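These are the residues of each chain, in order.
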Amino acid sequence: MSPPCYTSALLLVLVALAVAGAEQSEERTCDVVGDESSESQMERALLKKLEPLSHMRFNVTVEKGKTENYIYHFRVCREVNSTSHDFSGLVQTDRQTGKTTVIGRINETQVFNGSDWIMLIYKGGDSYGRHCSGEKRRAVIMISCKRGVTASSFSIISEEREKEQECFYLFEMDSSVACPAENSHLSVGSILLITFVSLIAVYIIGGFLYQRLVVGAKGMEQIPHFAFWQDLGNLVADGCDFVCRSKPRNAPAAYRGVGDDQLGEESEERDDHLLPM
């Protein structure tokens, strides 16, 4: 093989390996039960809402005497073991024997919600042996609202396997993604007040800069329309004085409790008779 052909073949092999590695490294996500054309838009929206939890891994250990000692591994809409490519979203591992059992798979997902919770269901797990008529296992994860917490308190509640059908494993966890959006709507009065204060601030700051930088005013004259506000203040003071005055305006002036009306003309009568002769 000539050197150019050898180089081209090597490049093709490297490209193929890179593409295969990219496909293997790309993690699979939840696939809602049913055909793609009939998938619920609500379920798609809820899966998008759970996306912030997809990079996290959750584990819980359960011990029941000497016979049951398990570790449960869970991921939100991602495979627990991406190298196995078995779509396992929740896996049970026996700590004594090392046996792994898939409880639910992300390619058979259901999701619905309430006001402050989201229910995530993985179906299509490994089949039961002697229980539940040998049907496939199913994992139910209740995600409850807890503000300020991305995810916490993952735990198993119970395993229902005494029925003939519809058996399931029930888990729960807390997360802020299940919380409803907080209403931050302002009232009409608040909007008007904010608008009024903003306009006043723009008027004062803009007028001050204009008077100082353009007109070249100094001191109190930097206040926009200073003469108008000065006159207005005087008028307000006069009006307040007029309204709040307790004595009629035509009342005579008083000095130390003696009014002008009490000060008559000086009596012409003299006290000459009191003088000694």
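Details of the structure are given in the entry above.
Residues numbered from 1 in each chain as written. Predicted model: local features only at pLDDT ≥ 70, side-chain atom pairs only at ≥ 80, totals over all residues. Heavy atoms only, no water.

Chemist: Residues and numbers for the pattern of salt bridges, please.
Modeler: Here the structure, examined in full by the defined rule, presents seven salt bridges. Between Glu63 and Arg95 there is a salt bridge whose closest N-O contact spans 3.6 Å. Of this pair, Glu63 sits in strand E1 (residues 57-64) while Arg95 sits in the loop between strand E3 (88-94) and strand E4 (100-113), and the two are 32 residues apart along the sequence. Judged by its relative accessible area of 56%, Glu63 falls in the exposed class. By relative accessible area, which is 46% here, Arg95 ends up partly exposed. As a salt-bridge pair, Asp126 and Arg105 come within 3.3 Å of each other at their nearest N and O atoms. Taken together, the residues span a long stretch of sequence, with Asp126 in the loop between strand E5 (117-124) and strand E6 (139-145) and Arg105 in strand E4 at a distance of 21 residues. The class for Asp126 is partly exposed, based on a relative accessible area of 25%. The network of salt bridges with common partners includes Glu68, Glu159 and Arg161. (Salt bridge = Lys/Arg side-chain N within 4 Å of Asp/Glu carboxyl O. Helix = DSSP H or I, 4+ residues; strand = E, 2+ residues; numbered from the N terminus. Buried < 20%, exposed > 50% of the residue type's maximum accessible area, 1.4 Å probe, protein only.)

Chemist: Help me get a handle on the nonpolar core, residues and values and all.
Modeler: Membership of the largest hydrophobic core comes to 34 residues, with the highest contact counts inside it found for Leu50, Tyr72, Phe74, Leu90, Leu120, Tyr122 and Ile141. When residues of this core are traced back to their parent elements, those giving at least two are helix H2 (41-49), E1, strand E2 (68-75), E4, E5, E6 and strand E8 (168-175). Not counting the four nearest positions on each side in its chain, Ile141 is found in contact with Phe74, Leu90, Ile118, Met119, Leu120, Tyr122, Phe171 and Met173. (Core = buried A, V, L, I, M, F, W, Y, C linked by side-chain atoms within 4.5 Å. Contact = heavy atoms within 4.5 Å.)

Chemist: Describe the state of the cysteines, and please don't skip the residues or the numbers.
Modeler: The final tally for this structure, using the stated rule, is three disulfides. Across the disulfide from Cys30 sits Cys77; the S-S distance is 2.1 Å. Classification of the bridge connecting Cys30 and Cys77 rests on its S-S torsion, roughly -100 degrees, and on that basis the disulfide is left-handed. Here Cys30, found in the loop between helix H1 (3-25) and H2, pairs with Cys77, found in the loop between E2 and E3; they are 47 residues apart in sequence, far enough to count as distant. For Cys77, a relative accessible area of 5% corresponds to the buried category. Bridging Cys145 to Cys179, the disulfide has an S-S length of 2.0 Å. Residues Cys145 and Cys179 share a disulfide whose torsion about the S-S bond is about 100 degrees; that sign makes it right-handed. Here Cys145, found in strand E6, pairs with Cys179, found in the loop between E8 and helix H3 (188-215); they are 34 residues apart in sequence, far enough to count as distant. By relative accessible area, Cys145 is classed as partly exposed at 27%. Look at Cys179 and you get buried, because its relative accessible area is 6%. Disulfide partners in the protein, listed by the sequence order of the bonded cysteines, are 1-2, 3-5, 4-6. (Disulfide = S-S within 2.5 Å.)

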